[in-house]
Amino acid sequence: MMHVAYCFDPLYEQHFGASITSLLLNFKGPGSDLCVHVVVTDVSDALRDRLLRLTHTFRARIEVHLVLPEDLQRLSVLPVHSKWMSYLTMATYFRVLLPNILPPGIDRLLYLDSDTIVLSDVRPLFDIDLQGAAIGAVIDSANPRMAAQRRAQRYINSGVMLMDLQRWRQDGIVARCLDFALNNPEQIRFGDQSAINAVCTDVIHVLDDRWNRFVVAHNRSDEVADAAILHFITADKPWQSWYENNLSTFYWRYLDVSPWAGAEPVRPNTV
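Computed from a prediction, not measured in an experiment: that's the story for all the values here. Sequence order as written defines residue numbering, which begins from 1 separately in each chain. Given that this is a predicted model, residues contribute local features only at a pLDDT of at least 70 and side-chain atom pairs are listed and counted only at 80 or more, while totals for whole chains, interfaces and linings are drawn from all residues. Note: side-chain values were computed over all heavy atoms of the structure, leaving out hydrogens and water.

Draft legend 1. How the structure looks around helix α1 (residues 13–25). Over its 13 residues, α1 runs 18 Å from end to end, which matches the ideal 18 Å to within 8%, given 1.5 Å per residue. A simple rule labels every residue: compare its accessible area, found with a 1.4 Å probe on the protein chains alone, to the largest value its type can have, and call it buried under 20%, exposed over 50%, or partly exposed in between. Helix and strand definitions follow DSSP, with helices as H or I runs of at least four residues and strands as E runs of at least two, each counted in order from the N terminus. Buried residues dominate α1, accounting for eleven of its 13 residues. Along α1, the residues that are buried comprise Glu-13, His-15, Phe-16, Gly-17, Ala-18, Ser-19, Ile-20, Thr-21, Ser-22, Leu-23 and Leu-24. Multiplying 1.5 Å by the residue count of a helix minus one yields the expected span of that helix.

Draft legend 2. Region of interest: the pairing of strand β2 (residues 34–40). The buried count for β2 comes to seven of seven residues, which makes it a mostly enclosed element. Taking every second residue as pointing to the same face, both faces of β2 are buried, with Leu-34, Val-36, Val-38 and Val-40 on one and Cys-35, His-37 and Val-39 on the other. Where β2 lies against strand β3 (residues 61–66), six bridges are found, and the strand directions are parallel. When the sheet's bridge partners are listed, His-37 is paired in β3 with Glu-63. When the strands point away from the viewer, a crossover counts as right-handed if the path from the first strand over the helix to the second runs clockwise. Handedness of the crossover is the feature at issue here: the chain leaves β2, passes through helix α2 (residues 45–58), returns alongside β3, and the resulting connection is right-handed. Any two strands with at least two DSSP bridges between them are considered paired.

Draft legend 3. Highlighting the sheet that holds strand β1 (residues 2–7). An order of β3-β2-β1-β4-β7-β6-β8 is seen for the seven strands of this open sheet, with the pairing classed as mixed. Of all the strands in the sheet, the pair left with one neighbour each is β3 and β8 (204–206). Here the average twist between neighbouring strands, direction ignored, is 30°. Of the strand pairs in this sheet, strand β4 (residues 108–112) and strand β7 (residues 156–164) are connected by five bridges, and their pairing is antiparallel. By the bridge assignment for β7, Tyr-111 is matched with Met-161. Relative to β7, helix α8 (residues 192–200) is tilted by about 55°, and along the sheet it contacts β6 (135–139), β7 and β8. Every axis corresponds to a line fitted to the C-alpha atoms, with the helix fit spanning only the stretch in contact, and the corresponding angles, defined between N-to-C directions, vary from 0 to 180 degrees. In what follows, residue pairs with any heavy atoms lying within 4.5 Å of each other are defined as contacts.

Draft legend 4. How the structure looks around the sheet that holds strand β10 (residues 229–232). In space, the three strands of this open sheet follow the order β5-β10-β9, with mixed pairing throughout. If you trace the sheet from one side to the other, it starts and ends with β5 (116–118) and β9 (213–215), each paired once. Taken pair by pair, the neighbouring strands of this sheet meet at an average axis angle of 25°, ignoring direction. Relative to β10, β5 runs antiparallel, the two sharing three bridges. When the sheet's bridge partners are listed, Ile-117 is paired in β10 with Leu-230. Packed on one face of the sheet, helix α9 (residues 248–255) meets β5 and β10 and runs near 70° to β5.

Draft legend 5. Summary view of α8. Of all nine residues making up α8, eight are buried, and the element is well covered by its neighbours. Of the residues making up α8, those classed as buried are Asp-192, Gln-193, Ser-194, Ala-195, Ile-196, Asn-197, Val-199 and Cys-200.

Draft legend 6. Just the packing of aromatic side chains, in detail. Two rings from Phe, Tyr or Trp (for Trp, the six-membered ring) form a pair when their centres are within 6.5 Å of each other. A pair whose planes differ by under 30 degrees is stacked, one over 60 is edge-to-face, and the rest are tilted. One pass over the full model with this rule turns up seven aromatic pairs. Centroid distance Phe-8 to Phe-16: 4.5 Å. Interplanar angle 20°. Geometry classified as stacked. Owing to a relative accessible area of 4%, Phe-8 belongs among the buried residues under this scheme. On the basis of relative accessibility, which here comes to 0%, the residue Phe-16 falls in the buried class. With a centroid separation of 6.3 Å and an interplanar angle of 70°, the aromatic rings of Phe-232 and Tyr-243 are classed as edge-to-face. One end of the pair, Phe-232, is in strand β10; the other, Tyr-243, is in the loop between β10 and α9, with eleven residues separating them in the sequence. Residue Tyr-243 is classed as buried on the basis of its relative accessible area of 11%. Members of the aromatic cluster, joined through ring pairs, are Tyr-6, Phe-8, Phe-16 and Trp-260. Two conditions define a charge sitting above a ring: the NZ of Lys or the CZ of Arg must be within 6 Å of the ring centre, and it must be within 35 degrees of the ring normal. Here the basic side chain of Arg-123 rests over the ring of Phe-27, its NZ or CZ set 5.9 Å away from the ring centre.

Draft legend 7. Local environment of the pattern of salt bridges. Should a side-chain nitrogen of Lys or Arg be within 4 Å of a carboxyl oxygen of Asp or Glu, the pair is scored as a salt bridge. Evaluated as defined, the whole model comprises nine salt bridges. In this structure, Lys-237 and Asp-115 form a salt bridge, with 2.6 Å as the shortest nitrogen-oxygen distance. Remark: Asp-115 occurs in the loop between β4 and β5 and Lys-237 occurs in the loop between β10 and α9; sequence separation between them is 122 residues. Here Lys-237 and Asp-115 have matching classes, each one buried. Of the charged contacts in the structure, one is a salt bridge between Asp-121 and Arg-123, with a shortest N-O distance of 2.6 Å. Take Asp-121: its relative accessible area is 9%, and that puts it in the buried class. The class for Arg-123 is partly exposed, based on a relative accessible area of 29%.

Right under this line is the structure:
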């Protein structure tokens, strides 16, 4: 069984819908080989119905996990916003809790941000030898600056992570990440990503960047031709009516065949 997880708040449910649909449509094995874990604070009737429709269509398992009130209280005191990532919410820390939230029998997990679009079968990721590392991830676009500031070997993007949950549990990485964020607020520029990089710097296995190809406003189609997963980083997102990159068509293509079909682009509310 291959396990994939998404964590999001209600504001990102629609975008999760596009991403999970792209994941399921491009999965080449039987749906019974895949289990998708959805981590949220609440499950509306509409969300439950849409997840049920996906289950019936693709025959994959979809399990919902609620973040416990005591965990929400613990996260509420952590730094979230910065001038670099003003759009983040507390939900950015949910992925750090995955080793505690998911059943102990799950060892390997693929975590995906909700602003990703999967273009290829993810099964090859589960065959990658992490060589004892706790995380497999792609080097972040800010690597030269961020790694130099932290005197680290590398700085990874946490939007797509192959996680060895057993290693996380053995090494107490959940508590260490949360403690770092609490005690070093001046270093939390990119939410939980900053804490993960600080705590896990020596236990990271670098993945080929096709598994987390960053999309920003100036990207061209030929720059993502070999991408397996697109990741719409920065505050500019493909669901905004003013988004100028035609790579947004990937987002709308999968949203329009998902149970969330019919959504309209977000309109500007400021000059």
